[in-house]
Structures are given as structure tokens and as C-alpha cells.
Amino acid sequence: MSGLQTRAHRPAWRAVGGRRTAVVVRRADVDDVPTEHDWLTERERTVLRALRVPKRRTDWRLGRWAAKEAVVGAVGAAWLPRACIEILATTGGRPVARIHHPGAWPRVALSLSHAGDTGFAAALRGPAPLGCDVEQVTERSQEFVNDYFTADEAAWIRSVPGESALRANLLWSAKESALKALGEGLRMDPRCVPVVATGAGDGFALVPHGGSLSVGGPGRRFLGRWWCTGPLVWTVVSDRARELDGLAAGLPPRSAPS
Ligand SMILES: CC(C)(COP(=O)(O)OP(=O)(O)OC[C@H]1O[C@@H](n2cnc3c(N)ncnc32)[C@H](O)[C@@H]1OP(=O)(O)O)[C@@H](O)C(=O)NCCC(=O)NCCS
């Protein structure tokens, strides 16, 4: 049989989004998230109703909104009603996206995070390890560094006076991203995923806003990107080098409603 497909039989996502794959990141501030709940599915609303702590509800909605924006970016279908995208957690906590709309939609790998009043999400077509995280840049205690970082990482954190808070939170965020990509979270020892971060100048002012990451070792190596925007540091990791290329520059775009 010929491999040609008529337009009518072409999967909807291919018709609208083509085959290009790239990691898509989106951030959301509280003001970006619609106040109503009509962008959530019935099952998502059930999850939300069960969350009793207001801050947790805000965080959950922030993460879900950023995640839905990342999913429509990854499948190239900004027109998709957000209530057609459902993001539920596995028993282990990993978020899984499903699209409930006619058409043969691709699987989408998804990760999300929240910090302060900010949500952050990354999405990529196809099954792929993917993790993202946003952290507030706060001072970390020596105990925290001793408990969760390798000796090399601790030395790197201390190596530039005035940058230790950024460095500690950057490495921590990259570890959380990797542990999310592995679907384990903090069930795993963060020292199992050592991080090497490079900045623009690398010699060693990291402060010019972002750079590259290498996380983990043999058998679980991820590459990634990081950015710093004032009080926040953001990371995203995957094992797909090419799919991360488009993230080399620029900050995560906001996911304001279009
Ligand atoms: C993953 C983890 C490190 C993130 O913690 P955090 O820094 O406080 O929170 P972040 O805002 O950066 O990320 C939270 C998101 O991580 C995601 N997440 C949680 N567990 C995850 C896992 N095992 N794999 C991948 N992603 C996970 C969720 O989407 C969560 O957001 P949501 O609950 O609003 O959907 C932490 O939640 C964890 O270790 N979870 C697994 C172990 C655990 O205690 N599970 C509780 C039972 S579900």
C-alpha cells in the first residue's frame, strides 16, 4: 500500500503541527491563569476540590495552566480548548497529559513545577524523559549542601563569593528536573544525579542569565538548559540533545492567554 495519506485521513496533529519536535517551555504567573475553572476537565476539578490548602490550590492551578500551554505548543495546536487537555498524576506523582479531542494526537512527555507565584512546564512530543523545575534563589544552609550535593558540587557552589545562593539553587533545580525526568522525585538520593552547569562566560560569573547542564552519569545522563531571572532559577533536562537546541537562548515565554 502507498504511504500517501489523503488530507482527510491525516492525523489532526500532523496536519496542524507538522513533524518538528522540540522541547516547549511555558511559564505562568498568577495573573495569567483564568479565575474560572472552565479550562479544567471534570476529573481535574475533582482533584482540585480535594486540595484544601489555598496555596496548594494556587500552585496546582498555576502548574496545570503552564502545562496545558506547553502541551498545545508541543503539538502545534494553540486552538485546542484547554478543557480538552487533561493532566492527571500517576500514583507516583508524575504528570501525564491526555488530549480528548477528535484526531490521532501524539503522546506528549510533560513535566511541571511551581515556586512562589510562578508556574513552569515543559512538553515534548513522544515518549521521552523530560523534567523541569523552577526554584527561588534563597540561601541554602551548609547542612543542606552537605546532605544533598557531592563533594565536587559543594566545592563548585563555594567557588565564587557572592554566587553561592544562585549556584546551590541552580544545582538543586537541575537535580529535581532530572529526578522528575526519571519519574522518581526525591525517592531517589539527589547525589545520584551529579550536575555540571556552565554559564555564558564560564570563567566563572554565571550571572549572565543562563547556560547548559549535564546531569547524571552512565545509564542516566541528561542534558539541559538553565536560566536565571532575578529571584528565580529555571531548569529543563532531557536526553534529547537536538530537541533542546531551540532553548539555547531566551527566557521561558509567559503563557498568557492568546
Ligand atoms: C518531584 C518532587 C521532587 C517535586 O517537589 P517540589 O520541588 O516540592 O515541587 P515542584 O513544584 O518543583 O514540582 C511539583 C510537581 O512535580 C511533579 N511530580 C511529582 N512527583 C513526580 C514524579 N515522581 N515524577 C515526575 N514528576 C513528579 C508534579 O507534577 C508536581 O506538581 P503537582 O503536584 O502540582 O502536579 C517531589 O514532589 C517528590 O519527590 N515527589 C515524589 C515523592 C513523593 O513524595 N510523592 C508523594 C506521593 S504522590
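Residues numbered from 1 in each chain as written. Predicted model: local features only at pLDDT ≥ 70, side-chain atom pairs only at ≥ 80, totals over all residues.

**Focus on the site of the ligand**
For the ligand, the set of nearby residues contains 20 residues, the closest of which are G93, R94, S113, G185 and L186. For the shell around the ligand, the secondary structure elements donating two or more residues are α3 (54–75), β4 (108–115) and α6 (164–181). Class assignment for the residues of the shell around the ligand results in 6 nonpolar, 7 polar and 7 charged. (Near = placed C-beta within 6 Å. Helix = DSSP H or I, 4+ residues; strand = E, 2+ residues; numbered from the N terminus. Nonpolar A, V, L, I, M, F, W, Y, C, P; charged D, E, K, R; others polar.)

**Quick word on the pairing of strand β1 (residues 24–29)**
Most of β1 sits out of view: 5 of its 6 residues are buried. Sheet analysis places β1 next to strand β5 (residues 118–125), joined by 6 bridges and oriented antiparallel. Paired with R26 across the bridge in β5 is A121. (Buried ≥ 20, exposed ≤ 12 C-beta atoms within 10 Å, placed from the backbone. Pairing = 2+ DSSP bridges.)

**Considering the sheet that holds strand β9 (residues 222–229)**
One open sheet accounts for 5 strands, arranged β6-β10-β9-β8-β7; its pairing is antiparallel. The sheet is open, and its two borders are formed by β6 (130–136) and β7 (195–199), each paired with just one other strand. Adjacent strand axes in the sheet meet at a mean angle of 20°, parallel and antiparallel pairs treated alike. The strands touched by α6 are β6, β7, β8 (210–215), β9 and β10 (232–238); relative to β6, the strand with the most contacts, the crossing angle is about 150°. (Axes fitted to C-alpha atoms, helices over the stretch in contact; angles between N-to-C directions. Contact = placed C-beta atoms within 7 Å.)

**Describing the sheet that holds β4**
Strand order in the open sheet formed by 3 strands is β1-β5-β4, with antiparallel pairing between adjacent strands. Each edge of the sheet is formed by a strand with only one pairing partner; in this case those strands are β1 and β4. Each strand axis lies, on average, 15° off the axis of its neighbour in the sheet, ignoring direction.

**A few points about the nonpolar core**
The biggest cluster of nonpolar side chains holds 61 residues, and the ones touching the most others in it are A70, V71, L110, A121, A122, A123 and A174. The element contributing the most residues to this core is α3, with 9 residues. Composition of this core by domain shows at least three residues from each of domain 1 (7–127) and domain 2 (132–239). Excluding residues that lie within four positions of it along the chain, A70 makes contacts with V24, V25, R26, L110, A121, A122 and A123. (Core = buried A, V, L, I, M, F, W, Y, C linked by C-beta atoms within 7 Å. Domains from an automatic or database assignment.)

**So, the pairing of β4**
Counting buried positions over the 8 residues of β4 gives 8, a clear majority of the element. Here β4 shows no split at all, with V108, L110, L112 and H114 on one side and A109, S111, S113 and A115 on the other all buried. Alignment of β4 against β5, held across 8 bridges, turns out to be antiparallel. If you follow A115 over to β5, its bridge partner there is T118. Connecting the antiparallel pair β4 and β5 is a turn made up of 2 residues, with G116 showing a positive phi of about 55°.

Bear in mind that shape data such as this cannot, by itself, settle questions of function.
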